[in-house]
Amino acid sequence: MKLNLINRVTPIDRLESVERSLNLPFEVLCKHDELTGFMTSGNKIRKLEYLLKTAQEENADTVFTCGGIQSNHCRATAVAARSLGMKPVVFLRGQPNQMPQGNLLLDMLVGSDIYYVTKEEYSRIDEIFAEKKKEYESLGHRVYLIPEGGSNSLGARGYFDAVNEMALQVDFNEIPAIFIAVGSAGTYAGLLAGIKSRGFATRIIGINVTKDPASFFAEKTKRIIRGMEEYKIQVAVEDSDIEIADDFSGPAYAVPSEEDMELIKKLARETAFFIDPVYTAKTFRGMIEISKERFAGKRVLFIHTGGLFKLFDNPSYYV
């Protein structure tokens, strides 16, 4: 069972103006998961439909999760949890600017308890979760823990389902590749499991937006998919099925390269198509570079995972 937190089936359309602007030798279809909601926009909400349903079933009144200072996942979790009557508690890696903006501002507006942690502390976030969970439970709360990005075997079911949704919108036999950002591997794992379970040959190509190596996410992908057996989803995945590119991660997680910033500005100014500096700009740039020769004359699918509130966090990138 899952909740119904997404407004509707998100559209897939061809980005013809983008193709012309960039003079691309291949066609680009876009799955608009930036339209899953407004405050809950992006890919995270598909995972949260399962995770927050379980929180309700366990009678939780408080939800813990974690991410970077401008985490889309933390914002989506905070907003969705509050809308369901649960207290959001977010553990954010980093320190806020003097004037909170973007996702952090939204975390605050819905009344989240916010704990700022250092990079070292974040490396042992499970311990910090456990300590704080005891503290909250001592005050009579029931706490449900959601991992970074909602990326576990339960959350990945959201993108396993999304493959069924997309199969009613496009013919996967005509799409050799789907491009998706990889920041915690849950979306990637769900897509891969969904495509494999339906027998399509479409490649799921992940663009790593972090400084963790692709090998780390490959192993995590396999663990997540193995764990889906608990939910009666059994998919055989070989190492050769997993393709995650490390070449487009930029200077650091949540820090765009000069090429990313130029791409964001060019697409906005020439086509009014918006991508963000954390996930989708890096993924779109990776898709372009990989597809120019490999998929020339063919059609690929880009999953827009949202994240557009990040555009409001550091305007100096673009002006």
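A brief look at the structure comes next. (Residues numbered from 1 in each chain as written. Predicted model: local features only at pLDDT ≥ 70, side-chain atom pairs only at ≥ 80, totals over all residues. Heavy atoms only, no water.)

Let's talk about the overall build of the protein
Move 1: The helix and strand tally for the protein stands at 11 helices and 10 strands.
Move 2: Scaling as 2.2 N^0.38, a compact globule of 319 residues should have a C-alpha radius of gyration of about 20 Å, and the protein matches this with 19 Å.
Move 3: Each principal axis of the C-alpha atoms in the protein carries an extent, and together these give about 60 × 50 × 35 Å.
Move 4: Buried residues in the protein amount to 59% of all 319 residues.
Move 5: Long-range contacts, defined here as pairs at least 24 residues apart, represent 78% of the contacts in the protein between residues at least 6 apart. (Helix = DSSP H or I, 4+ residues; strand = E, 2+ residues; numbered from the N terminus. Rg over C-alpha atoms; globule rule 2.2 N^0.38 Å. Buried < 20%, exposed > 50% of the residue type's maximum accessible area, 1.4 Å probe, protein only. Contact = heavy atoms within 4.5 Å.)

With respect to the side chain of Lys-222
Move 1: Looking at the element boundaries, Lys-222 is found in helix α9 (residues 214-227).
Move 2: At 2.9 Å, the side chain of Lys-222 and the side chain of Glu-219 are in polar contact.
Move 3: When neighbours within four sequence positions are excluded, Lys-222 is seen to be in contact with Asp-239 and Ile-242. (Polar contact = N/O pair within 3.5 Å; in protein donor to acceptor, adjacent residues only side chain to side chain.)

A closer look at the pairing of strand β5 (residues 113-117)
Move 1: Bridging between strand β4 (residues 87-93) and β5 involves five bridges; their strand directions are parallel. Each residue of the ladder has a partner; that of Val-89, found in β5, is Asp-113. (Pairing = 2+ DSSP bridges.)

Considerations on the packing of aromatic side chains
Move 1: By the definition in use, this model includes 12 aromatic pairs.
Move 2: For the ring pair Phe-91 and Phe-129, a centre distance of 5.1 Å and an interplane angle of 65 degrees mean the geometry is edge-to-face. Of the two residues, Phe-91 is situated in strand β4 and Phe-129 in helix α6 (residues 125-138); the sequence distance between them amounts to 38 residues. In this structure, Phe-91 and Phe-129 share a single accessibility class: buried.
Move 3: Chaining the aromatic ring pairs together yields one cluster made of Phe-64, Phe-91, Tyr-115, Phe-129 and Tyr-136.
Move 4: Cation over ring: Arg-46 sits above Tyr-159, and NZ or CZ is 5.5 Å from the ring centre.
Move 5: Over the ring of Tyr-122 we find Arg-93, and its NZ or CZ is 4.5 Å from the ring centre. (Phe/Tyr/Trp six-rings, centres within 6.5 Å; stacked < 30°, edge-to-face > 60°. Lys NZ or Arg CZ within 6 Å of the ring centre and 35° of its normal.)

What to know about the side chain of Ser-41
Move 1: Tracing the sequence through the fold places Ser-41 in the loop between β2 (27-32) and α2 (44-57).
Move 2: Since its relative accessible area comes to 10%, Ser-41 is described here as buried.
Move 3: Among the polar contacts listed, one links the side chain of Ser-41 to the backbone oxygen of Phe-38, at a separation of 3.1 Å.
Move 4: Residues contacting Ser-41, with those up to four places away along its chain left out, are Asp-33, Glu-34, Thr-36, Arg-75 and Phe-309.

Points about α9
Move 1: A rise of 1.5 Å per residue sets the reference length of α9, with its 14 residues, at 20 Å; its end C-alpha atoms lie 20 Å apart and thus fit the reference within 8%.
Move 2: Taken residue by residue, α9 has Ala-214, Phe-217, Ala-218, Lys-220, Thr-221, Lys-222, Ile-224 and Ile-225 as its buried positions.
Move 3: For α9, the secondary structure elements touched by its buried residues are β7 (177-182), α8 (186-197), β8 (203-208) and β9 (243-245). (Expected span 1.5 Å × (residues − 1).)

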